[in-house]
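Survey of secondary and tertiary structure
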Amino acid sequence: MLGTEFRTGSPIWIDLGSPDTEAAVAFYSAVFGWEFASAGPEGGGYGFFQKNGGTVAGLGPLTEPGARSAWMTYFRTDDAQTTARAVSDAGGKVRAEPMSMGETTFAQFTDPQGAQFAVLESGQGLQRASEDNALVWVELHVGDPGAAIGFYRGLFGWRSQEMQAPGMTYQVLSIGEGDQQEGTFGGVAPLQDDREDARWVPYFAVADADAIVTAVGGSGGSVLMPAANVPGVGRIAWLADPAQAVFAVLRPDPRQA
């Protein structure tokens with residue numbers, strides 16, 4: 001499962017780009033009970049969502065002209081410069097060249113099918129994961145799952161395993177080292193229709209998916225898919241915050257430790 005001991009290709013960080021960070025803080029505080037800690041005057045409006053003093057995500061203002069509010073998933077890399085070259089060579093786009101801040105280097109990309117993602121060259125990342133109200137899974141939605149898996153395998157060495165899901169063949173992703181099942185962190189699913197954009201979607205573990213759906217609706221968000229049971233996985237709902245950033249929640253079955 002997704003954890004906080006990060007290896008090559010592990011999800012290491014997520015953050016939200018928002019047109020109104022104060023409204024985002026109010027929304028996610030109401031939905032998940034998160035608190036917000038500013039990175040300070042030098043942070044450019046960036047800060048950290050926290051649960052019981054541990055960071056669960058980042059939050060910052062939108063910086064690209066025409067950008068839409070969205071959650072960004074970062075994967076751990078041993079060398080951001082090498083990853084940037086590999087993205088370009090494989091047909092992806094470098095949206096933000098590798099930039100260093102202290103001992104951390106990050107870069108942002110778009111894969112060949114249009115899904116945005118990022119990398120972080122660092123030994124530190126999220127402080128809480130795979131527990132209630134924290135990141136538990138990341139899911140890629142693209143038109144051609146097989147091509148996407150080949151692209152990301154070339155960057156991170158990921159492994160994949162086919163699983164039958166209602167109405168589709170789902171690909172479960174694992175990092176390239178260690179036990180494959182223990183290294184599982186996410187999946188790849190085909191786009192459901194022509195209106196859906198290619199994207200990475202974060203899933204947050206919750207104790208009660210239905211209660212979260214109610215909280216989202218009562219806080220100005222949208223319910224994209226009501227809570228539903230997925231056999232062997234848990235109870236899932238797809239949601240969007242007031243700025244239309246998409247995320248999902250999962251009450252895992254069996255419950256996470």
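Everything below is about the structure shown above.
Scope of this entry: the structure provided in the associated data block. (Residues numbered from 1 in each chain as written. Predicted model: local features only at pLDDT ≥ 70, side-chain atom pairs only at ≥ 80, totals over all residues. Heavy atoms only, no water.)

**Comments concerning the sheet that holds strand β7 (residues 104-110)**
Which entries qualify depends on this criterion: Pairing between strands is defined by DSSP: at least two bridges between them are needed. A run of H or I in DSSP counts as a helix once it spans at least four residues, and a run of E counts as a strand once it spans at least two, with each numbered from the N terminus. Axis definition: a line fit to C-alpha positions, over the contact stretch in the case of helices; interaxial angles, taken between N-to-C directions, run 0 to 180 degrees. By definition in these notes, contact holds between two residues if any of their heavy atoms fall within 4.5 Å.
Here we have eight strands laid out as an open sheet, ordered β2-β3-β4-β1-β5-β8-β7-β6, and mixed in their pairing. The outermost strands of the open sheet, each flanked by one partner alone, are β2 (35-38) and β6 (93-101). When the angles between neighbouring strand axes are averaged without regard to direction, this sheet yields 25°. With five bridges connecting them, strand β3 (residues 47-51) and strand β4 (residues 54-61) associate as antiparallel partners. Residue pairing for β4: G47 is matched across the bridge by L59. Against the sheet, helix α2 (residues 80-89) makes contact with β6, β7 and β8 (116-121), and its axis sits at roughly 175° relative to β6, the strand it touches most. Where helix α3 (residues 145-156) meets the sheet, it contacts β5 (70-76) and β8, and its direction lies at approximately 10° from that of β8.

**A short note on the environment of D89**
The condition is simple: A 1.4 Å probe rolled over the protein chains alone gives each residue an accessible area, and that area as a share of the maximum for its type sets the label: buried under 20%, exposed over 50%, partly exposed in between.
Here D89 is to be found in helix α2. D89 gets classed as exposed once you look at its relative accessible area, which sits at 71%. Taking the C-alpha atoms as reference, D89 lies 21 Å from W200; in sequence the two are 111 residues apart.

**Comments concerning the nonpolar core**
Applicable threshold: Nonpolar core, defined: a set of buried Ala, Val, Leu, Ile, Met, Phe, Trp, Tyr and Cys residues in which side-chain atoms within 4.5 Å join the residues together.
In terms of nonpolar packing, the biggest core is built from 63 residues, with Y28, F32, W71, F117, Y152, W200 and F247 touching the most fellow members. Within the second largest apolar cluster, 14 residues are counted, among which are M168, Y170, Y203 and W238.

**Topic: the packing of aromatic side chains**
Rules: Stacked, edge-to-face and tilted are the three classes for Phe, Tyr and Trp ring pairs, Trp counted by its six-membered ring, which pair at centre distances within 6.5 Å; planes under 30 degrees apart are stacked, over 60 edge-to-face, the rest tilted.
If you walk through the whole model with that rule in mind, you get 32 aromatic pairs. Through successive ring pairs, a cluster of aromatic residues spans F27, Y28, F32, W34, F36, F49, W71, F204 and F247.

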